[in-house]
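One-letter residues, chain by chain:
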Amino acid sequence: MSVEDEKPELRVGPDPNVIYPIKVQYCGNCSLPIEYCEYYPDYHKCKEWLEKNLPSEFEKVKLDDGSLEASSAEDEKKRQKRGGKGMLKTKKKEEVQKLVTVSRAPRGKKKSVTVVQGLSTFDIDLKVAAKFFGSRFACGSSVTGEDEIVIQGDVKDDLFDVIPEKWPQIDEDLVDDLGDQKRSLHKAI
Ligand SMILES: [Zn+2]
């Protein structure tokens, strides 16, 4: 092409180097000959214009950048996948069952401890909760795991009243009695 070194963006309207009449089709969006549309920043609007006004040319353009479309479709897929994952994560978080479980575990031959799990599913600060149990039952109480409090003493049955009383958002039905559980933890409890 004789005008190859000329920047297409600078050209407005008919090309002075071309003898007219010539069958050049100009884009109604960017006013460049349609073969320059792809250099126009607003190319997708050009394509929209083409689709409306020169469907036959639009088909060519569409075929021309078929690879582009394909890769952007792929990008779209990836984006969707990422979005999907994010949504899955959120969903999973929502699906965390809000449930407090209480169980009794033997401690030595005659004593028991009470294990409370699941308080953090109600966004309860475990340290605060452990302190509360300690003063409520006048016994040792400490956070022993990610979502676990061990109370020194068998207070399991009291917890069905105490927990909903202290945290009204925890219905008594949401406090599950796991009965007696052997603790295999090597921690001193
Ligand atoms: Zn255009």
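The coordinates are above.
Owing to the predicted nature of the structure, the values given are computational and were not obtained by experimental measurement.

## Focus on the pattern of salt bridges
Then, number 1: Tallied over the full model, the rule gives five salt bridges.
Then, number 2: As a salt-bridge pair, Lys156 and Asp157 come within 3.7 Å of each other at their nearest N and O atoms.
Then, number 3: Accessibility expressed as a relative area gives 3% for Lys156, which makes it buried.
Then, number 4: Here Asp157 falls in the exposed class, since its relative accessible area comes to 52%.
Then, number 5: A salt bridge links Asp177 to Lys156; the nearest nitrogen and oxygen atoms lie 2.9 Å apart.

## Quick word on the packing of aromatic side chains
Then, number 1: A full pass over the atoms with the stated rule returns five aromatic pairs.
Then, number 2: For the pair Phe132 and Trp167, a centre-to-centre distance of 5.5 Å together with 70 degrees between the ring planes defines the contact as edge-to-face. Of this pair, Phe132 sits in helix H4 (residues 126-137) while Trp167 sits in the loop between helix H5 (156-166) and strand S5 (175-180); the two residues are 35 residues apart in sequence, bridging distant segments of the chain. For the pair Phe132 and Trp167, a shared accessibility class is recorded, and that class is buried.

## Some points on the coordination of the zinc ion
Then, number 1: Every protein donor of the zinc ion is accounted for by Cys27 (SG), Cys30 (SG), Cys37 (SG) and Cys46 (SG), and the metal-donor separations fall at 2.2 to 2.3 Å.
Then, number 2: Its four donor atoms give the zinc ion angles of 101 to 114 degrees at the centre, a pattern that matches the tetrahedral case.
Then, number 3: Sequence positions of the donors to the zinc ion reduce to the motif C-x2-C-x6-C-x8-C. Residue Cys30 is found in the segment before helix H1 (43-53), and its partner Cys46 is found in helix H1; the two are separated by 16 residues along the sequence.
Then, number 4: Since its relative accessible area comes to 8%, Cys30 is described here as buried.

What counts and what doesn't
Residues numbered from 1 in each chain as written. Predicted model: local features only at pLDDT ≥ 70, side-chain atom pairs only at ≥ 80, totals over all residues. Heavy atoms only, no water. Salt bridge = Lys/Arg side-chain N within 4 Å of Asp/Glu carboxyl O. Buried < 20%, exposed > 50% of the residue type's maximum accessible area, 1.4 Å probe, protein only. Phe/Tyr/Trp six-rings, centres within 6.5 Å; stacked < 30°, edge-to-face > 60°. Helix = DSSP H or I, 4+ residues; strand = E, 2+ residues; numbered from the N terminus. Donors = N, O, S within 2.8 Å, 3.2 Å for Na, K, Ca; no water. Tetrahedral: all angles 85-135°; square planar, octahedral: opposite > 155°, others 65-115°.

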